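Structural characterization, general
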Amino acid sequence: MAEELLSVSSINTHYGQSHVLFDVSLSVDRGGIVALVGRNGAGKTTTLRSIMCLTPVSSGTITMNGEEIQGLQPHAVRKRGISWVPEGRRVFGDLTVEENLRLAAHTGEGDKRAGFEEIYDRFPRLDERRTQKAGTMSGGEQQMLAIARGLLGPETDLLLLDEPSEGLAPQIVEDVKDIIRDLNDDGVTILLVEQNAEMALDLADLAYVLETGEVVHDAPASELLSDRSAMETYLGVK
Ligand code: ATP
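Here is what the cut-offs are and how they apply
Residues numbered from 1 in each chain as written. Predicted model: local features only at pLDDT ≥ 70, side-chain atom pairs only at ≥ 80, totals over all residues. Heavy atoms only, no water. Near = heavy atom within 4 Å. Polar contact = N/O pair within 3.5 Å; in protein donor to acceptor, adjacent residues only side chain to side chain. Areas by Shrake-Rupley, 256 points an atom, 1.4 Å probe, with all protein chains shown as cover. Helix = DSSP H or I, 4+ residues; strand = E, 2+ residues; numbered from the N terminus. Nonpolar A, V, L, I, M, F, W, Y, C, P; charged D, E, K, R; others polar. Buried < 20%, exposed > 50% of the residue type's maximum accessible area, 1.4 Å probe, protein only. Contact = heavy atoms within 4.5 Å. Expected span 1.5 Å × (residues − 1). Arc of directions from axis to C-beta. Domains from an automatic or database assignment. Buried area = accessible area lost by both parts, 1.4 Å probe. Salt bridge = Lys/Arg side-chain N within 4 Å of Asp/Glu carboxyl O.

Now for the site of the ligand. Neighbouring the ligand are 13 residues; Asn40, Gly41, Thr45, Thr46 and Gln195 lie closest to it. A distance of 2.5 Å separates an oxygen atom of the ligand from a polar side-chain atom of Thr46. With respect to the ligand, the side chain of Glu163 contributes an N or O atom lying 3.2 Å from an oxygen atom. Burial of the ligand by the protein chains amounts to 59% of its free accessible area of 620 Å². It is helix α1 (residues 44–51) that provides the largest number of residues to the shell around the ligand, a total of 3 residues. In terms of residue class, the shell around the ligand is made up of 3 nonpolar, 6 polar and 4 charged.

The phi dihedral of Ser10 is positive, around 50 degrees, even though this residue is not glycine. Positionally, Ser10 belongs in strand β1 (residues 4–15). Relative accessible area serves as the criterion here: at 32%, Ser10 is assigned to the partly exposed category.

Positionally, Gln142 belongs in helix α6 (residues 139–151). Ignoring anything within four residues of it in the chain, the contact list for Gln142 reads Arg89, Val91, Ala134, Gly135 and Met137.

What follows covers the side chain of Ser7. Within the secondary structure, Ser7 sits in strand β1. When near neighbours in sequence (up to four residues on either side) are disregarded, Ser7 contacts Leu26, Thr61, Ile62 and Thr63.

Attention now moves to helix α7 (residues 170–185). Taking 1.5 Å per residue as the helical rise, α7 with its 16 residues ought to reach 22 Å, and the 23 Å between its terminal C-alpha atoms agrees with that figure. Along α7, the positions that sit buried rather than exposed are Val173, Val176, Lys177, Ile179, Ile180, Leu183 and Asn184. End-on view of α7: buried residues confined to an arc of 160 degrees, all on one side of the axis. The exposed residues of α7 that point more than 90 degrees off its buried face are Gln171 and Asp185. Looking at the buried residues of α7, the elements they touch are β3 (33–37), α4 (116–122), α6, β7 (158–162), β8 (189–194) and α8 (197–203). Just downstream of α7 lies Gly187, where phi reads positive at about 100 degrees.

With that settled, consider α1. Counting buried residues in α1 gives 6 out of 8 residues, a clear majority hidden from the surface. When α1 is considered as a whole, its buried residues turn out to be Lys44, Thr46, Thr47, Leu48, Ser50 and Ile51. In the stretch just after α1, Cys53 is the one whose phi turns positive, near 65 degrees.

Split by domain assignment, the protein chain resolves into domain 1 (4–81 + 156–235) and domain 2 (92–153). Computed from C-alpha coordinates alone, the two centres of domain 1 and domain 2 are separated by 24 Å. Listed by partner, the interface residues are 13 residues for domain 1 and 12 residues for domain 2. Between domain 1 and domain 2, roughly 1000 Å² of surface is buried when both sides are summed, and carbon and sulfur atoms account for 67% of that area. A per-residue breakdown of the area domain 1 buries against domain 2 is headed by Arg78, Ile179 and Leu183, which together make up 37% of the total. The tally of links from domain 1 across to domain 2 stands at 1 salt bridge. Residue Arg122 pairs with Asp186 through a salt bridge whose shortest N-O separation is 2.9 Å. Ranked by residue count, the leading element in the side of domain 1 that touches domain 2 is α7, at 4 residues. Split by residue class, the side of domain 1 that touches domain 2 holds 8 nonpolar, 2 polar and 3 charged.

Quick look at the structure:
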């Protein structure tokens with residue numbers, strides 16, 4: 001039977017007076033890929049920020065590996081095995097691949113446990129480009145670097161990926177899908193936020209649809225992908 005790795009239960013999240021998430025619940029099984037899809041402003045990023053404890057929840061519980069994590073500091077959440085790759089890649093274009101990784105390791109828990117060689121083993125393309133400036137790499141390679149940076153430090157059990165396909169040409173999106181599949185094959189569980197619903201649903205086992213801060217639908221990803229009426233109703237995909 002599937003083992004639950006992450007459980008988000010009835011969370012409410014505010015930015016100041018603004019109530020953004022309304023009783024959001026979702027579950028991610030160990031070894032799976034779960035997609036969280038929805039239109040612009042639906043609350044997808046806020047859900048990831050809430051899980052990472054970057055934006056505190058006002059109520060509800062978040063459980064990782066059976067232990068409640070809401071209210072922890074983000075670095076403590078990281079130590080529990082959750083990594084976050086934010087939207088927009090945010091690599092430093094003037095720095096080399098190696099410098100980008102070193103910077104990430106230094107701002108984290110020190111580089112002893114950073115596992116640079118593991119990262120280069122996992123991503124040979126980055127190994128070949130250690131001395132190349134990140135800004136001169138393709139969007140797909142920059143996304144690979146952003147993901148690699150997220151994996152530095154403590155072991156990652158669950159990777160939160162925010163819009164990894166953003167701004168990438170369709171062929172490059174296919175490359176990013178391969179990176180995500182490979183990571184998942186290596187045992188990393190993935191919670192994938194995407195506006196590109198078709199991309200996310202093609203990868204995922206299970207999907208949740210967010211609409212104005214509420215989960216309005218959940219279904220096996222392949223079922224949602226083939227349900228044209230639901231795709232149009234929930235996601236505006238014709
Ligand atoms: P997008 O794909 O555009 O990033 P999203 O589904 O990830 O959309 P969120 O970024 O989580 O949505 O935003 C949810 C709502 O919260 C939106 O109405 C947004 O305007 C609001 N919001 C996001 N960040 C803040 C903030 N720092 N302060 C106030 N409101 C915010």
